[in-house]
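Structural overview
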Amino acid sequence: MAAPMRLVLWVPRVDHLRALGPVADAARRRGITCRALLAAWPPDDPKAIAALHAYAVESALGCDVAVFTDGRPRCAPDEWIVAVGLRGHWSLRQQVGGRWASLPYRQEELLSVLRGGRNALRGWEVVTTASEDGVAAARHEGPVDLWTALSRFAVIGDPILDPVPSLDRAACRKKWNLPAGSPVIFFGTAARPAHLPTAWASAFYGGRAGRAWCRLRHGASVMPYREVMRLVRAWADRNGAMLIAKTRMKHRDPSWLPVDVLVSDGPETYHPFATLELFAAADGYVGFASSLAVEATACGLAQHHLLAWPSELVEVPEYLPLRRHFYEAPDGLWNGTFANSYQLFDRGGREAFMAWAAAGGLPRYQPNADAAASVAPVSGRLGGAADRFLNILTAA
């Protein structure tokens, strides 16, 4: 008789709880034993930070948590180590031991193969991705000699989205203290891309409100962040809508951000995933273009996406074709059934955005059966991804 399955959830970053949490929940329903390894923490005061994160991880996953340091603790040969994506060096996985299996995250696992070749799969016994469309797009962009590597990916859907079918709109509004009868718009704040040229960053983050655009060298132009927010705030006020947002530490959101509710980022907001709950409570989405379109589309929200700069300025070359195919194309998530996008670095895009801000009405929330179909090219089948993942481990 085979020994019962045991899972070790690998947590190098607390935001991985978005995907690991649904797996822990599915494992608990099956009576599968789980524990977690907190694999890293920030370098400042590591002991205190590790203790804080360990408590948050234990609360979120409902299982014992250990901190991995100096090659300890090791895992038993028959334990499944569940990680998000394919990050982490082969030598580190050798130290930990066990059988390694990966969960998908926004096609980053496919990007790992496109960038690192077949070596990206070294040491992984099970690798998964969200959608058949993602594998097909990676095959189209990658060389033929990677096709065998890409064929190793099992398609399971996106575990981050597993809670969507069960989210209750009224309950989410109550949890986040949002009025039942008022229109609520989720605002997606602007990221700070590491490779954004200095001139673009200075004009965007440092530009003043009331100035529609700043001209850079070579004819490029930027709409300042403050001016974008002035227009969005005026649009919300004219329509009697609340603006809510969730901070992300990497965004370093400015103190002047004119929103009505700002939910802080922290280890406790990833499972249950606060962003999904806020989307379930909202009537629509307005914000800077990002992969938040996945969650917004899955929740059936009408969306307006703002592109502050060309994608090629900030995206790694290997991923750029996938981004354009799944997000920027006419039927992509930023322009599809639920969405419009505005290129603020282009005169026509700025004028279209300003016209919408001046006269556009509120989206009317209505659950739409097209949501699952619209998000499927990026995230596959909606719901049940964690269970499909566990089925693969059981059969392996």
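Refer to the structure presented above.
Here the structure is a predicted model, which is why all the values come from computation and not from measurement. (Residues numbered from 1 in each chain as written. Predicted model: local features only at pLDDT ≥ 70, side-chain atom pairs only at ≥ 80, totals over all residues. Heavy atoms only, no water.)

Our focus in this paragraph is the sheet that holds strand E3 (residues 64–67). The parallel open sheet is built from six strands, whose spatial order is E3-E2-E1-E4-E5-E6. Each edge of the open sheet carries a strand with a single partner, namely E3 and strand E6 (124–126). Within this sheet the neighbouring strands show an average axis-to-axis angle of 35°, counted without direction. Note that strand E1 (residues 6–11) and strand E2 (residues 33–38) share six bridges and pair parallel. Within E2, the residue paired with Val 8 across the bridge is Arg 35. Each of E1, strand E4 (75–84), strand E5 (97–103) and E6 touches helix H15 (residues 385–395); the most contacted strand, E5, lies at about 145° to it. (Pairing = 2+ DSSP bridges. Helix = DSSP H or I, 4+ residues; strand = E, 2+ residues; numbered from the N terminus. Axes fitted to C-alpha atoms, helices over the stretch in contact; angles between N-to-C directions. Contact = heavy atoms within 4.5 Å.)

The next thing to look at is the sheet that holds strand E13 (residues 261–263). Reading across the sheet, the six strands line up as E13-E12-E9-E14-E15-E16 and stay open at both edges, with parallel pairing between neighbours. The open sheet has two edge strands, E13 and strand E16 (339–343), and neither has a second partner. Sheet twist, expressed as the mean angle between neighbouring strand axes with direction ignored, is 20°. Relative to E13, strand E12 (residues 242–246) is paired through three bridges, and the arrangement is parallel. Its bridge partner lying in E13, Ala 245 is registered against Leu 262. Along the sheet, helix H13 (residues 347–359) contacts strand E14 (284–288), strand E15 (302–307) and E16; its crossing angle with E16, the most-contacted strand, is approximately 125°.

Turning to helix H12 (residues 320–328), its buried residues number three or more, namely Leu 320, Leu 322, Arg 323, Phe 326 and Tyr 327. All buried residues of H12 project into a common sector of 150° when viewed along the axis, lining one side. Those residues of H12 that are buried are in contact with helix H4 (108–116), helix H5 (132–141), helix H11 (292–298) and helix H14 (370–379). (Buried < 20%, exposed > 50% of the residue type's maximum accessible area, 1.4 Å probe, protein only. Arc of directions from axis to C-beta.)

Any link to function would need more than the numbers given here.
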